[in-house]
2 protein chains.
Amino acid sequence: MTAPARSARQRLAPDARQQQILEGAIAYFAEFGFDGGTRALAQHLGISQSLLFRYFPTKASLVDRVYEVVFLQRWNSRWQGLLTDRSRPLPERLKAFYKDYNHSIDRYEVIRISLFSALRKESISQRYVARLREQLIVPIVAECRAHLGLPAAAGLPSPLEEQLVLSLHATIIYGIMRRHVFDVAPPLDEDFLIDLYVDSFVAHAAESFRRIGAREAERRPAS
Amino acid sequence: MTAPARSARQRLAPDARQQQILEGAIAYFAEFGFDGGTRALAQHLGISQSLLFRYFPTKASLVDRVYEVVFLQRWNSRWQGLLTDRSRPLPERLKAFYKDYNHSIDRYEVIRISLFSALRKESISQRYVARLREQLIVPIVAECRAHLGLPAAAGLPSPLEEQLVLSLHATIIYGIMRRHVFDVAPPLDEDFLIDLYVDSFVAHAAESFRRIGAREAERRPAS
DNA sequence: CACTCAAGTTATCAAACGATTAATAATGCG
DNA sequence: CGCATTATTAATCGTTTGATAACTTGAGTG
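Residues numbered from 1 in each chain as written. Chains lettered and ligands numbered in written order. Predicted model: local features only at pLDDT ≥ 70, side-chain atom pairs only at ≥ 80, totals over all residues. Heavy atoms only, no water.

Trainee: Help me understand the protein's contact with DNA strand D, please; the structure alone is not making it clear to me.
Mentor: Around DNA strand D, a shell composed of 23 residues is seen, among which Leu 12, Arg 17, Arg 54 and Tyr 55 of chain A together with Lys 59 of chain B lie nearest. At the protein interface, 50% of the atoms of DNA strand D within 4 Å belong to sugar or phosphate. In this structure, a base nitrogen belonging to DNA strand D sits 2.8 Å away from a side-chain N or O atom of Gln 49 of chain B. Between DNA strand D and Lys 59 of chain B, the relevant distance is 2.6 Å, taken from a phosphate oxygen to a main-chain nitrogen or oxygen of the residue. Among the elements of the structure, helix H1 (14–32) and helix H3 (49–55) of chain A together with helix H2 (38–45) and helix H3 (49–55) of chain B are those that each provide at least two residues to the surface near DNA strand D. Counting residues per element, the surface near DNA strand D draws most heavily on H3 of chain A, at 4 residues. (Near = heavy atom within 4 Å. Polar contact = N/O pair within 3.5 Å; in protein donor to acceptor, adjacent residues only side chain to side chain. Helix = DSSP H or I, 4+ residues; strand = E, 2+ residues; numbered from the N terminus.)

What follows is the structure, encoded as structure tokens:
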């Protein structure tokens, strides 16, 4: 009646094995961080520790592949186009974008590995943040100015305007962090909340931009 | 002309040495995480590695002390009273609270150690989050209902209302994380931004709570 | 000024780490 | 079916880890 213990050693095609190791590594490092040992990782995968080094020459190279999958493979290059498509009203664009964005990064492995690597100050993490700023945040600032009938800013947007737009972004990210890092917050009616956040943001945008403009004018009186 | 190398071995009173180690450990673990080695920590402190174990029996006990200092010592028990003091208008209370809160946790060591320990699922981190919810978030929800003239909720607040209030909270926390974890975002006119966030939140609160009420009514039609 | 006590360091331990080598067994081909 | 190929593992290497033991040196006291 005992299940016939299937052959302890199962042979896989190299591509399949590499893929399996990579996925296992993502799950394992997301749980325990990148200081987790290769032996425990191998045990999670049901393979021997030394096999890892046939497919990845060093632990660091495996970690780098994990970074690549988590950071690069999860970026949708259509986001920027979606955000700047002025044939649709801004609130609609923001809602569509943040629903898609939320959907694509609201995963245990993604958010935790992002944080682990950011805390390590990995360059790939810094590049991700820079990309986020240049391709999403700065364009949203510009779209807000256009939406409000303000003149397009020459050069980079003002830091305060950027910060204001980030406050909307923060709401989404922090919700994901609460679920997967702080381990509270039930999975909840997220699309409804995104509509609410965006509407609240847009409703107050005119007043907020006005106050920021006034603030910056008073900050540099000699212009 | 060479500085007279001060005696390599400097003798300190036990209390002073323990304090010095603790502070050095906070700085070191905030930078490198809790998997950083005891040797490197000792080197940062300019002492020998074995001396650490005279003042803390194990590395884990040192880490626990670091947790205590970062989490418990930075909690102001007057926050709850400040938030629920209905002799002052709600926006004023929220602004005062968040300025103080921001000021007390916007520190490199605090935010990074909080994240490291949350990722490790340390129980002290979970207790902190629970306390945050019970003593700050839930009361703010109740104060918002009162401010809006809504009946006080029986028992716990609705999850959606809680999430809405957390969106304000997220704005503050995420700004701190951007500075100390993602290493972007200049230190910026924070009190001005907090005023802006709170005003924006309160201005739209009536509409937001109304929509949440409607949403929850439709979710459980048979009540 | 010598003596004592304890703060501090050097030297070392066993265990765990990433990584390598040599042995083993599963698979496909003739 | 027998054999070569190679995916896989067991055994092991040198380092580094947290922790301990034995030795050293600074400072206060009679």
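Trainee: When you look at the interface of chain A and chain B in this model, what are you seeing that I'm missing?
Mentor: Interfaces are often sized by the amount of accessible area the parts lose when they come together. Contacts between the two partners involve 46 residues from chain A, matched on the other side by 46 residues from chain B. Across the interface of chain A and chain B, roughly 4500 Å² is buried in total on both sides, 67% from carbon and sulfur atoms. When residues of chain A are sorted by the area they lose upon contact with chain B, Leu 119, Gln 163 and Tyr 174 of chain A head the list and together hold 15% of the total. Our count for the chain A to chain B interface comes out at 6 salt bridges. One salt bridge in this structure joins Glu 31 of chain A and Lys 121 of chain B, with 3.2 Å as the shortest N-O distance. Counting every contact that joins chain A to chain B gives 14 residue pairs in polar contact (both at pLDDT 80 or more). Only helix H7 (108–119), helix H8 (123–147), helix H9 (159–180) and helix H10 (190–219) of chain A provide two or more residues apiece to the side of chain A that touches chain B. Each residue belonging to the side of chain A that touches chain B can be placed in one class, and the counts come to 26 nonpolar, 8 polar and 12 charged. (Contact = heavy atoms within 4.5 Å. Buried area = accessible area lost by both parts, 1.4 Å probe. Salt bridge = Lys/Arg side-chain N within 4 Å of Asp/Glu carboxyl O. Nonpolar A, V, L, I, M, F, W, Y, C, P; charged D, E, K, R; others polar.)

Trainee: Just to check I follow, could you spell out the protein's contact with DNA strand C for this structure?
Mentor: The immediate surroundings of DNA strand C are formed by 24 residues, with Thr 38, Arg 39 and Lys 59 of chain A together with Arg 17 and Tyr 55 of chain B found nearest. Sugar and phosphate atoms constitute 51% of the interface atoms of DNA strand C, taking the interface as everything within 4 Å of the protein. Interatomic distance of 2.7 Å between a side-chain N/O atom of Arg 9 of chain A and a base oxygen of DNA strand C. Note that a sugar or linking oxygen of DNA strand C is positioned 3.0 Å from one of the side-chain N or O atoms of Arg 9 of chain B. Every element with two or more residues in the surface near DNA strand C is listed here: helix H2 (38–45) and H3 of chain A together with helix H1 (14–32) and H3 of chain B. Looking at the surface near DNA strand C element by element, the count peaks at 4 residues for H3 of chain B. Across the surface near DNA strand C, the residue classes break down as 6 nonpolar, 10 polar and 8 charged.

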